[in-house]
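# Residue-level structural notes
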Amino acid sequence: MRTPTADWHTMRPDTLSRIEKAVLELFAHRDFHEVGLIDVANTAHISLQTIYKYFGSKEVLVYAMLDVTLGRLAARMIDHLQGIEDARERLRKTFWVTLDYMDKHPAVMLLLFTAVPVLRHRNIRIYESPELMGAFLGVLKDGQAQGVLNREVSSKVLLDVFMGLVGRLVLMHIVRGEQRPLTDEFDPWFRILWRAMSADD
């Protein structure tokens, strides 16, 4: 595996945007092993040397593009949580933002599930984002402290429940070829999520 000789964060925004679009387009329709870096370079209209310079390998390229795309989701989540104190409403906003984002960017979820082995998800830096995970775990911990969310499990388990439901709903929506937006069924899905995470009466 080659080591990048430059940090992709320093790449020109328009070049990075073309690479992102190429990666999402190619990996949404083809198996990970069927796509080569030359395919990405040709689709993005850049040189193969540029790909190697900033990414070094196909794996690093995929992780970087997921970091970019999921970073946008993280920013939207954090923005929507500002000024909301009610734990239920904060969860509701986060759930909505996630479904809406995946409605508009299904290729991101396909890339995550088909191009990255589960044990390699930790290589996607956004999963370690103190801003995103800190904000979301803060919501869950506050809800537990208020007695609104289940206190029999840790906040990390509640996060797993949330992410597990979202991931399955989005993935199967794509697999089944559903045409309606995910957000069309937001209310009943959120009721299920809330029942799973809220404290017992």
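Before reading on, note that the structure itself is shown above.
All values derive from a computational prediction rather than experimental measurement. (Residues numbered from 1 in each chain as written. Predicted model: local features only at pLDDT ≥ 70, side-chain atom pairs only at ≥ 80, totals over all residues. Heavy atoms only, no water.)

Secondary structure assignment for the protein chain yields nine helices and zero strands. Put simply, the protein chain runs from its N terminus to its C terminus through helices and strands in the order α-α-α-α-α-α-α-α-α. C-alpha atoms of the protein chain, sized along the principal axes, occupy 60 × 35 × 30 Å. Taking all 201 residues of the protein chain together, 46% fall into the buried category. The long-range fraction of contacts in the protein chain, counting pairs at least 24 apart against all pairs at least 6 apart in sequence, stands at 70%. For the protein chain, the exposed area adds up to about 11000 Å²; of that, 51% sits on carbon and sulfur atoms. (Helix = DSSP H or I, 4+ residues; strand = E, 2+ residues; numbered from the N terminus. Buried < 20%, exposed > 50% of the residue type's maximum accessible area, 1.4 Å probe, protein only. Contact = heavy atoms within 4.5 Å. Areas by Shrake-Rupley, 256 points an atom, 1.4 Å probe, with all protein chains shown as cover.)

Before going further, it helps to examine the packing of helix α5 (residues 87–104) against helix α9 (residues 186–197). When two helices pack together, their arrangement is given by the angle between their axes and by how far apart the axes lie. For the pair α5 and α9, interaxial distance at closest approach is 11 Å and the crossing angle is 130°. By the angle class used here, α5 and α9 are oblique. The way α5 lies across α9 gives a crossing that is right-handed. Touching R88, L91, R92, F95, W96 and L99 of α5 are F186, D187, W189, F190, L193, W194 and M197, all from α9. Residues of the contact of α5 with α9, tallied by class, amount to 10 nonpolar, no polar and three charged. (Axes fitted to C-alpha atoms, helices over the stretch in contact; angles between N-to-C directions. Parallel < 35°, antiparallel > 145°, perpendicular 65-115°, else oblique. Left-handed = near helix turned anticlockwise from the far one by under 90°. Nonpolar A, V, L, I, M, F, W, Y, C, P; charged D, E, K, R; others polar.)

So, on to the pattern of salt bridges. Under the criterion given, the structure shown has eight salt bridges. The partner of K104 in a salt bridge is D100, and the shortest N-O contact between them spans 3.1 Å. Here K104 and its partner D100 are both found in helix α5, four residues apart, which amounts to about one turn of the helix. Owing to a relative accessible area of 54%, K104 belongs among the exposed residues under this scheme. Salt bridges sharing partners connect three or more residues here, namely R12, D14 and R18. (Salt bridge = Lys/Arg side-chain N within 4 Å of Asp/Glu carboxyl O.)

Turning our eyes to something else, we now look at helix α2 (residues 37–44). For α2, the complete set of buried residues consists of L37, V40, A41 and A44. Looking straight down α2, one finds its buried side chains confined to an arc of 100°; they lie on one side. At its buried positions, α2 is contacted by α1 (13–29), α3 (48–54) and α4 (58–81). Immediately beyond the C-terminal end of α2, within one or two residues, lies H45, with a positive phi of roughly 60°. (Arc of directions from axis to C-beta.)

What follows concerns the side chain of N150. Here N150 is to be found in the loop between α7 (130–145) and α8 (155–175). Since its relative accessible area comes to 14%, N150 is described here as buried. A polar contact is formed between the side chain of N150 and the backbone nitrogen of E152, at a distance of 2.6 Å. If we skip the residues at most four places from it in the chain, N150 touches Q144, L158, M197, S198 and A199. (Polar contact = N/O pair within 3.5 Å; in protein donor to acceptor, adjacent residues only side chain to side chain.)

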